[in-house]
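Here's the letter readout for the chains.
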Amino acid sequence: MIGIPLTHVLLVSTALFFIGTYGLFTRRNMITMLMAIELILNSVNINFIAFNRYLYPDKLNGVFFTLFIITIAAAEAAIAIAIIINLYRSHQSIDVQDAEEMKY
Amino acid sequence: MSASSISFYILSAFILLSGLLAVTAKKIFRSAIWLLFCLIGIAGLYFQMQMEFIAAVQIIVYVGGIVVLIIFSIFLTQKSGLEMPKPSFLRMFISFIAVTLGFIFTYSLIHKYGFKTVSSSPIEMSVSNIGSQMLSTTEHGYVLPFEVVSVLLLAAMIGCIVIAIKIKPEDK
């Protein structure tokens, strides 16, 4: 693993972050937008693990940050899905264009 | 090129390809399955960096928890066989431009920075090391964020129940 330069790992995580951003911009369905957010959070996790592995191999701080990010992502996904199901009950649709009562 | 670097490049190509398909697939169920493959590939990347504990947590929480939750909610709210409406060409074009510019900007910053790799002796990433530092109350312990996160999970659980509960209309 040490033969691979750090910038290549960061290239992968940066590309994954912007793929997730592209999904967040183009999709209008709430579940697919949630998937794009999961991709973004995963790219941040790759960054933390790579920095811990390459720059501070004698510490564990990146591991803890990754664990807390995974925990918060799980909580966020559960709440988002509860909101989506509630929205589907009242609007019969989970498209973000259809939920515009509070827009103006 | 050694075998580990070849497997790293294959793995990262797999991650990026399945991530790209997860945000561009036409059917929502296929998109969820591509997301599943992408998360498994990221777990493989953690295995390759010798972070076995994080890889196990990734597989258990993301692949076993979040993706299954997403698939359940797809079945509850969508007709998963139908194709989703395509976004307008203008929106796709503008977001593609924005994303490409952002990627080039960020990667040029990373490329110019030049990280210095240190060669201090690596700590053993065993579960006992991680657990004892996470629950220690000394200077570099993480027991306070651990407790805060446990309160946050409790709050999220109660919040989910309150949001998704179905209130029966009183029929009189």
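Here the structure is a predicted model, which is why all the values come from computation and not from measurement. (Residues numbered from 1 in each chain as written. Chains lettered and ligands numbered in written order. Predicted model: local features only at pLDDT ≥ 70, side-chain atom pairs only at ≥ 80, totals over all residues. Heavy atoms only, no water.)

J.: Explain the overall build of chain B to me, please; I cannot follow it from the model alone.
T.: What chain B contains, in helices and strands, is six helices and zero strands. Sequence-ordered secondary structure for chain B, helices as α and strands as β, is α-α-α-α-α-α. Relative to the compact-globule value of 16 Å for 172 residues, chain B shows a C-alpha radius of gyration of 22 Å, a clear excess of over 25%. Projecting the C-alpha coordinates of chain B onto the three principal axes gives extents of approximately 75 × 45 × 30 Å. (Helix = DSSP H or I, 4+ residues; strand = E, 2+ residues; numbered from the N terminus. Rg over C-alpha atoms; globule rule 2.2 N^0.38 Å.)

J.: For this particular structure, what's the right way to read the overall build of chain A?
T.: A count of helices and strands for chain A gives three helices and zero strands. Relative to the compact-globule value of 13 Å for 104 residues, chain A shows a C-alpha radius of gyration of 17 Å, a clear excess of over 25%. For chain A, the spread of C-alpha atoms along the principal axes amounts to about 55 × 25 × 25 Å. Within chain A, the fraction of its 104 residues that count as buried is 58%. Relative to all contacts within chain A whose residues are 6 or more apart in sequence, the contacts with residues 24 or more apart total 58%. One finds the centroid of the 6 positive side-chain charges in chain A at a distance of 8 Å from the centroid of its 7 negative side-chain charges. (Buried < 20%, exposed > 50% of the residue type's maximum accessible area, 1.4 Å probe, protein only. Contact = heavy atoms within 4.5 Å. Lys, Arg positive; Asp, Glu negative; His and termini not counted. Charge placed at Lys NZ, Arg CZ, Asp CG, Glu CD.)

J.: Can you help me understand the side chain of Thr7(A) in this one?
T.: With respect to the helices, strands and loops of the structure, Thr7(A) is situated in helix α1 (residues 6-26). In contact with Thr7(A), not counting residues within four places along its chain, are Tyr107(B), Ile110(B) and Phe115(B).

J.: How should I be thinking about the packing of helix α3 (residues 61-91) of chain A against helix α5 (residues 127-134) of chain B in this particular structure?
T.: Pairs of packed helices are described in terms of their axes, by the angle between the two and the distance that separates them. Packing of α3(A) against α5(B) brings their axes to within 11 Å, and their N-to-C directions diverge by 80°. Put simply, α3(A) runs roughly perpendicular to α5(B). Contacts from Asn61(A), Val63(A), Phe64(A), Leu67(A) and Phe68(A) in α3(A) reach Ile130(B), Gln133(B) and Met134(B) in α5(B). For the contact of α3(A) with α5(B), a count of residues per class yields six nonpolar, two polar and no charged. (Axes fitted to C-alpha atoms, helices over the stretch in contact; angles between N-to-C directions. Parallel < 35°, antiparallel > 145°, perpendicular 65-115°, else oblique. Nonpolar A, V, L, I, M, F, W, Y, C, P; charged D, E, K, R; others polar.)

J.: Explain the interface of chain A and chain B here, please?
T.: Think of interface size as the accessible area that goes away when the parts come together; that is how it is often given. Across the contact, 70 residues belong to chain A and 77 residues belong to chain B. Along the contact surface separating chain A from chain B lie zero salt bridges. The tally of links between chain A and chain B comes to 10 residue pairs in polar contact (both at pLDDT 80 or more). Put simply, the parts of the chain that give the side of chain A that touches chain B at least two residues each are α1, α2 (30-54) and α3 of chain A. Here the side of chain A that touches chain B gets 24 residues from one element, more than from any other, and that element is α3(A). Of the residues that constitute the side of chain A that touches chain B, the class distribution is 47 nonpolar, 16 polar and seven charged. (Salt bridge = Lys/Arg side-chain N within 4 Å of Asp/Glu carboxyl O. Polar contact = N/O pair within 3.5 Å; in protein donor to acceptor, adjacent residues only side chain to side chain.)

J.: Looking at this model, I keep getting lost on the side chain of Ser93(A). Mind explaining?
T.: Residues and elements named next belong to chain A. When you line up the elements, Ser 93 lands in the segment after α3. Residue classification places Ser 93 among the buried positions, given a relative accessible area of 15%. A polar atom in the side chain of Ser 93 sits 2.7 Å from the side chain of Asp 98. Look past the residues within four positions of Ser 93 in its chain and what remains in contact with it is Leu 87, Tyr 88 and Asp 98.

J.: Please clarify how the domain arrangement of chain B should be interpreted in this entry.
T.: The domain architecture assigned to chain B consists of domain 1 (3-80 + 125-164) and domain 2 (85-115). Measuring from the centre of the C-alpha atoms in domain 1 of chain B to the corresponding centre in domain 2 of chain B gives 24 Å. (Domains from an automatic or database assignment.)

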